[in-house]
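Listed below, chain by chain, are the residues.
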Amino acid sequence: MLDVARLVRPGIGDIEPYVPGLTDDELQKMYGFRRVVKLNANENALGPSPLAIQAIQQELATLHHYPDGASERLRQAIADFHGLSVERVLVGNGSDDIIKLVSETFLEPGDEVVVPHPSFSQYSFGAAIMHASVRRVDLGPDFSYDVEAIADAVTDRTKLVYLCSPNNPTGTILTRAQAEWLLQALPAHVVVIFDFAYNDYSLNPERVVGDEGLFRDERVVALHTFSKLYGLAGLRVGYALANESLLSYVNRVREPFNVNRVAQRAAAAALTDAAHRRASQEHARTSRAFYEAECQALGLRTTPAEGNFILVRTGDGRATTEALMKRGVMVRTGFAGLSEWVRITYGTPEENALCLEALRAVLAARV
Ligand SMILES: *Cc1c(COP(=O)(O)O)cnc(C)c1O
């Protein structure tokens, strides 16, 4: 009999497959035509950019052709947007793809990866598939970054350090000053990956941004995605900005057609849609003010929410989430070390009001 467990590479059996929130189809099956307010995956409540939809429609007639494997036009559009040369841009099938590519490029068994905790699970996943070990560094008081602890966690075996700002699920940022201190403190042999999935939502003047100053450091990789601000999560496009030499190695590991042609066109169009981008930023701003005020009125603690979601301390997050679900509102919980918290993605104003109404009812029923 085939002993598969003995055939697979060490560590693969220990990986827990990623469990995403329910899909639209699953929701339909569970709830029939009853409305479900889906606030569990940090999706953009405003939907995709209309310019992206237009570009998608135009692209459909040529789906029998392979995409441009180098994603030349999209990479050029991204390069222009950031004022960088096109060699400094690598695109992926979502930034998840890029995290995996970077892991495959750099990690060997026994290597170490430093990740903030709690944070985005894909960093540890990338390490696990390469049988590298993960050093988790707890966030500090009020979920701020503890950069000294991060520097202390780095050893001779460390290859990658991840920094997620604003951090998912806490919403808190790494400051420019902390980033500069850390880059000074870290040795020359580590690659420092800034995940900026939510950074364009933040207005905080102290936040770190991927500008010329940051990219002068050859260890820096900045990750961006079209899934959040641009509302294209279903298409799967993300990108990395880094120095040319580093990306030339990651590019060797990349599948030839990792971003499909519809996604390439749509993402390039979305980048030109300044109105949609501004509306998404404004939506996050007003939603944050709404939730902060309402949660405060309910006596619930929140964290400084710099993304398109807010972390709320409701007590027993799992029970809260299940009770909200029964009232047709889906939020996310179950983050390591955050059993008393739920993460709520900003919906439309109407969805936010429904969420608050449900939350009030759930809390009232508890006492
Ligand atoms: C949503 C998210 C991403 C984006 O992932 P995609 O694969 O591009 O959809 C990346 N990093 C963080 C922290 C996220 O929350």
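Residues numbered from 1 in each chain as written. Predicted model: local features only at pLDDT ≥ 70, side-chain atom pairs only at ≥ 80, totals over all residues. Heavy atoms only, no water.

Colleague: Would you mind going over the overall build of the protein chain in detail, with residue names and values included?
Modeller: A tally of regular secondary structure across the protein chain gives 14 helices and twelve strands. Against the compact-globule benchmark of 21 Å for 367 residues, the protein chain has a radius of gyration of 21 Å, which places it among compact chains. In the protein chain, which comprises 367 residues, the proportion classed as buried is 51%. Excluding contacts between residues fewer than 6 apart, the proportion of contacts in the protein chain whose partners are at least 24 apart in sequence is 74%. Of the roughly 17,300 Å² of accessible surface on the protein chain, a fraction of 52% belongs to carbon and sulfur atoms. Measuring between centres, the 37 positive side-chain charges of the protein chain sit 4 Å from its 45 negative side-chain charges. (Helix = DSSP H or I, 4+ residues; strand = E, 2+ residues; numbered from the N terminus. Rg over C-alpha atoms; globule rule 2.2 N^0.38 Å. Buried < 20%, exposed > 50% of the residue type's maximum accessible area, 1.4 Å probe, protein only. Contact = heavy atoms within 4.5 Å. Areas by Shrake-Rupley, 256 points an atom, 1.4 Å probe, with all protein chains shown as cover. Lys, Arg positive; Asp, Glu negative; His and termini not counted. Charge placed at Lys NZ, Arg CZ, Asp CG, Glu CD.)

Colleague: Let's hear about the domain arrangement of the protein chain: which residues, and what values?
Modeller: How big an interface is tends to be expressed through the accessible area that disappears when the partners come together. Its domain assignment divides the protein chain into domain 1 (19-42 + 275-366) and domain 2 (50-272). Computed over C-alpha atoms, the centres of domain 1 and domain 2 are 26 Å apart. Counting residues at the interface gives 22 residues for domain 1 and 26 residues for domain 2. When the buried area of domain 1 at its contact with domain 2 is split by residue, Arg277, Glu306 and Phe309 rank highest and sum to 33% of it. On the surface where domain 1 and domain 2 come into contact, there are one salt bridge. A salt bridge links Arg301 to Asp142, with the shortest nitrogen-to-oxygen separation between them at 3.4 Å. (Domains from an automatic or database assignment. Buried area = accessible area lost by both parts, 1.4 Å probe. Salt bridge = Lys/Arg side-chain N within 4 Å of Asp/Glu carboxyl O.)

Colleague: Go over the environment of Asn168, please, and point to the residues and values.
Modeller: Its place among the elements puts Asn168 in the loop between strand 5 (158-164) and helix 8 (176-185). Linking Asn168 and Leu63, residues 105 residues apart in sequence, is a C-alpha distance of 35 Å. Non-local contacts of Asn168, meaning those with residues more than four positions away in its chain, are made with Asn42, Pro118, Ser119, Phe120, Tyr198, Phe309 and Arg343. In terms of polar contacts, Asn168 uses its side chain to reach the side chain of Arg343, at 2.8 Å. (Polar contact = N/O pair within 3.5 Å; in protein donor to acceptor, adjacent residues only side chain to side chain.)

Colleague: Hey, could you go over the site of the ligand for me, with residue numbers and the actual values?
Modeller: Within the structure, the ligand sits among 14 residues, and Tyr198, Thr225, Ser227, Lys228 and Arg236 are positioned closest to it. Contact between the ligand and Ser227: an oxygen atom at 2.6 Å from a side-chain N or O atom of the residue. Interatomic distance of 3.2 Å between a side-chain N/O atom of Lys228 and an oxygen atom of the ligand. Across the shell around the ligand, the residue classes tally to five nonpolar, five polar and four charged. (Near = heavy atom within 4 Å. Nonpolar A, V, L, I, M, F, W, Y, C, P; charged D, E, K, R; others polar.)

Colleague: Tell me about the layout of surface pockets, and name the residues and values.
Modeller: Estimated volume of the second largest pocket: approximately 180 Å³. Every residue lining the second largest pocket is counted, 17 residues in all, and those nearest its centre are Asn199, Asp200, Arg207, Val209 and His224. Listed by contribution, the elements that provide at least two residues to the lining of the second largest pocket are helix 4 (72-82), strand 7 (220-225) and helix 12 (274-297). Split by residue class, the lining of the second largest pocket holds eight nonpolar, six polar and three charged. (1 Å grid on protein atoms, 1.4 Å probe; cavity = no way out; pocket = protein on both sides within 12 Å on 5 of 7 lines; lining within 4 Å. Points joined across faces, edges and corners; volume = space filled by probe spheres on them.)

Colleague: Give a detailed account of the packing of helix 5 (residues 95-106) against helix 6 (residues 122-129), specifying residues and quantitative values.
Modeller: Running from amino to carboxyl end, helix 5 crosses helix 6 at an angle of 35 degrees, the nearest separation of the two axes being 9 Å. Between helix 5 and helix 6 lies a crossing whose hand is right-handed. Only Gln122, Tyr123, Phe125, Gly126, Ala127 and Ile129 of helix 6 make contact with helix 5, whose side of the interface consists of Asp96, Ile99, Lys100, Ser103 and Glu104. Residues that form the contact of helix 5 with helix 6 fall into these classes: five nonpolar, three polar and three charged. (Axes fitted to C-alpha atoms, helices over the stretch in contact; angles between N-to-C directions. Left-handed = near helix turned anticlockwise from the far one by under 90°.)

Colleague: Which residues make up a nonpolar patch on the surface, and what values do they have?
Modeller: A cluster of nonpolar side chains, contributed by Leu2, Val4, Leu7, Val8 and Ile12, occupies part of the molecular surface with about 450 Å² of accessible area. Relative to the assigned elements, Leu7 resides in helix 1 (residues 4-7). (Patch = residues over 30% accessible without salt bridge, like charges linked within 9 Å, V, L, I, M, F, W, Y side chains within 5 Å.)

Colleague: Describe the pairing of strand 5, listing the residues and the values that go with them.
Modeller: Extensive coverage of strand 5 is indicated by the burial of six of its seven residues. Sheet topology note: the strand 3 (residues 112-117)/strand 5 ladder contains three bridges and is parallel. From the neighbouring strand, Glu112 faces strand 5, where its bridge partner is Thr158. The pairing of strand 5 with strand 6 (residues 191-195) spans five bridges and is classified as parallel. Within strand 6, the residue paired with Tyr162 across the bridge is Ile193. (Pairing = 2+ DSSP bridges.)

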